[in-house]
Amino acid sequence: MSDLIGKLNSLEGEVLAQIAAAKSSDALEQIRVSVLGKKGSLSEVLRGLGSVDAAERPKIGAVSNQVKAKVEEALSRAKETLGSAEINAKIAKEKIDITLPARSLHLGSLHPVTQTVRKITHILGKIGFDLTTGPEIETDFMNFEAVNIPKDHPARDMQDTFFVGPGVVLRTQTSPVQMRAMREQKAPIRILCPGAVYRADNDATHSPMFHQIEGLWVDKGVRFSDLKGTLQFFAQELFGSDVKIRLRPSYFPFVEPGCEVDVSCFKCGGRDEKCSICKGTGWLEILGAGMVHPRLFEVAGYNPNEVSGFAFGLGIERIAMLLHHIPDLRLMFQGDVRFLKQFL
Ligand code: PHE
């Protein structure tokens, strides 16, 4: 009997010394399991109880309970001191240095194409052009036939047009919106349609997807001089009040007469032979335009003897490149923030 009590007492002494020496809550937990756990050293000692006189057992039991209570108490006290020391150490390590400079916030910005669309629609909005849209997936009929581009026209060539299915294409121009607008409403019409167009072409100045803005003004008595006045106003608002425009005869199947429109170089005014924008020519081509072809009025159900109108179409990326001196069209579509950040 005294043997067991002696064992319990020395176990107590050993364990209390271990607890006092423990350096972390993990170590304390290990001690707890190794002493008080099911297979722990206390149970180990008590296994000897079987061979003890029944009368002696309660006494041993009482001593064992005392040992257990002492160990538990020592453990919980040690846990408290070690625990708070650990928390303090953690806090000290994670201290926030409020003198460090803050990370700056980056403000996003509109893409140069969007900015240019907004600029152009704002300018032409001032003289009554309303915004409209049309589908990018267009019928062959609307994209070509209805705007007077017959079946054998080179613009329909496989190399230029993306065909989506029988009779369906990705629109190669915003001009089908002219026809959609005229079929939907009666004259007077004064609309602008910005949007993506698609052509199988890809180099520094061509992209398989780019953007155009189509303008259309139809009313009684609209004349070529109205087209000229509108474009003059537009060019001066966009590039500066001292620019001039120049109209060169050209051919587009949906207008007659048709022209290409140049603006005098807003950078050098034609005075610098080495100008990086106009290359010394003094002129920059900005759009195609003309008087709406009578055949379009017929297809739309208008009487060409009653109304007349003009249309124009321009490439938005081209205008943005001119305005911001952007050397390569592909920069527009690469999503490089270093490029985009320049257009805040
Ligand atoms: N649709 C023509 C093009 O894509 C541009 C244009 C529009 C020309 C309207 C004249 C009138 O090249």
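Residues numbered from 1 in each chain as written. Predicted model: local features only at pLDDT ≥ 70, side-chain atom pairs only at ≥ 80, totals over all residues. Heavy atoms only, no water.

Undergrad: I keep staring at the overall build of the protein chain and nothing clicks. Help me out?
TA: Looking only at helices and strands, one finds 11 helices and 10 strands in the protein chain. In terms of its C-alpha atoms, the protein chain occupies a principal-axis envelope of roughly 130 × 50 × 35 Å. Going through the 344 residues of the protein chain one by one, you find that 40% of them count as buried. Partitioning the intrachain contacts of the protein chain with sequence separation of at least 6 by distance along the chain shows that 67% fall at a separation of at least 24. Of the accessible surface of the protein chain, which amounts to about 19800 Å², a share of 54% is contributed by carbon and sulfur atoms. Once the 42 positive and 41 negative side-chain charges of the protein chain are each reduced to a mean point, those two points are 4 Å apart. (Helix = DSSP H or I, 4+ residues; strand = E, 2+ residues; numbered from the N terminus. Buried < 20%, exposed > 50% of the residue type's maximum accessible area, 1.4 Å probe, protein only. Contact = heavy atoms within 4.5 Å. Areas by Shrake-Rupley, 256 points an atom, 1.4 Å probe, with all protein chains shown as cover. Lys, Arg positive; Asp, Glu negative; His and termini not counted. Charge placed at Lys NZ, Arg CZ, Asp CG, Glu CD.)

Undergrad: I'm lost on the packing of helix H5 (residues 112-125) against helix H10 (residues 316-324) in this one. Help?
TA: It is at 9 Å that the axes of H5 and H10 come closest, and there the two elements cross at 95°. It follows that H5 is roughly perpendicular to H10 by the angle criterion. In contact with Pro112, Val113, Thr116, Val117, Lys119 and Ile120 of H5, H10 contributes Ile316, Glu317, Ile319, Ala320 and Leu323. Per-class residue counts for the contact of H5 with H10 are eight nonpolar, one polar and two charged. (Axes fitted to C-alpha atoms, helices over the stretch in contact; angles between N-to-C directions. Parallel < 35°, antiparallel > 145°, perpendicular 65-115°, else oblique. Nonpolar A, V, L, I, M, F, W, Y, C, P; charged D, E, K, R; others polar.)

Undergrad: So what exactly am I meant to see when it comes to the site of the ligand here?
TA: Taken together, 14 residues lie around the ligand, and Gln173, Ser175, Arg199, Gln212 and Gly313 are the ones closest in. One of the side-chain nitrogen or oxygen atoms of Gln173 is found 2.9 Å away from a nitrogen atom of the ligand. A distance of 2.9 Å separates an oxygen atom of the ligand from a polar side-chain atom of Arg199. Out of a free accessible area of 330 Å², the ligand has 90% covered by protein chains. Those elements giving two or more residues to the shell around the ligand turn out to be strand E6 (209-219), strand E9 (283-292) and strand E10 (308-315). Top contributing element to the shell around the ligand by residue count: E10, with three residues. Per-class residue counts for the shell around the ligand are six nonpolar, six polar and two charged. (Near = heavy atom within 4 Å. Polar contact = N/O pair within 3.5 Å; in protein donor to acceptor, adjacent residues only side chain to side chain.)

Undergrad: So what exactly am I meant to see when it comes to the sheet that holds E6 here?
TA: Sheet strands pair via backbone hydrogen bonds, and the direction of the pair is either parallel or antiparallel. Pairing in this open sheet of seven strands is mixed, and the strands run E1-E5-E6-E10-E9-E8-E7 from one edge to the other. The sheet terminates laterally at strand E1 (130-131) and strand E7 (245-250), the two strands that pair on one side only. As paired elements, E1 and strand E5 (residues 189-198) share two bridges and run parallel to each other. In the strand pairing of E5, Asp130 is matched with Ile191. Here helix H8 (residues 224-239) sits on the sheet in contact with E6, E7, strand E8 (255-264), E9 and E10, set at roughly 150° to E9. (Pairing = 2+ DSSP bridges.)

Undergrad: What am I meant to see in the layout of surface pockets here?
TA: Empty space among the atoms becomes visible once a probe the size of a water molecule is rolled across them. Put simply, the largest pocket is a space of about 1300 Å³. The wall of the largest pocket is formed by 49 residues, among which Arg199, Phe210, Glu285, Gly315 and Arg318 lie closest to the centre. Each residue belonging to the lining of the largest pocket can be placed in one class, and the counts come to 25 nonpolar, 15 polar and nine charged. Here the second largest pocket defines a volume of roughly 160 Å³. Every residue along the wall of the second largest pocket is listed here: Lys186, Ala187, Pro188, Asp219, Lys220, Gly301, Tyr302, Asn303, Glu306 and Val307. Class assignment of the residues belonging to the lining of the second largest pocket gives a composition of four nonpolar, two polar and four charged. (1 Å grid on protein atoms, 1.4 Å probe; cavity = no way out; pocket = protein on both sides within 12 Å on 5 of 7 lines; lining within 4 Å. Points joined across faces, edges and corners; volume = space filled by probe spheres on them.)

Undergrad: Even after reading the chapter, I still don't get the pattern of salt bridges, so can you show me in this structure?
TA: Oppositely charged side chains can form a pair if their charged atoms are brought close together. Counted according to the given criterion, the structure contains 13 salt bridges. Notably, a salt bridge pairs Glu12 with Lys70, separated by 3.4 Å at the nearest N-O pair. Pair noted here: Glu12 is in helix H1 (residues 2-21) and Lys70 is in helix H4 (residues 57-93), with a separation of 58 residues, a long-range link. For Lys70, a relative accessible area of 43% corresponds to the partly exposed category. With its nearest N and O atoms 3.8 Å apart, the salt bridge here joins Glu285 to Arg248. Residue Glu285 is found in strand E9, and its partner Arg248 is found in strand E7; the two are separated by 37 residues along the sequence. Members of the salt-bridge network, linked through shared partners, are Arg246, Arg248, Glu260, Asp262 and Glu285. (Salt bridge = Lys/Arg side-chain N within 4 Å of Asp/Glu carboxyl O.)

Undergrad: What is the right way to read the packing of aromatic side chains from this model?
TA: Each aromatic ring pair is specified by the distance between its two centres and by the angle formed by the two planes. Counted according to the given criterion, the structure contains eight aromatic pairs. Relative to Phe310, the ring of Trp217 has its centre 5.7 Å away and its plane inclined at 50°; by these criteria the two rings are tilted. Taken together, the positions of Trp217 in strand E6 and Phe310 in strand E10 put the pair 93 residues apart, joining distant regions of the chain. Taking the relative accessible area as the measure of exposure, Phe310 reaches 0% and is therefore buried. Arranged with centres 6.1 Å apart and planes meeting at 25°, the rings of Phe252 and Phe254 form a pair that is stacked. An aromatic cluster is present here, built from Phe129, Trp217, Phe310 and Phe312 joined pairwise through their rings. One Lys or Arg, Arg190, reaches over the ring of Trp217 and ends 3.9 Å from the middle of that ring. (Phe/Tyr/Trp six-rings, centres within 6.5 Å; stacked < 30°, edge-to-face > 60°. Lys NZ or Arg CZ within 6 Å of the ring centre and 35° of its normal.)

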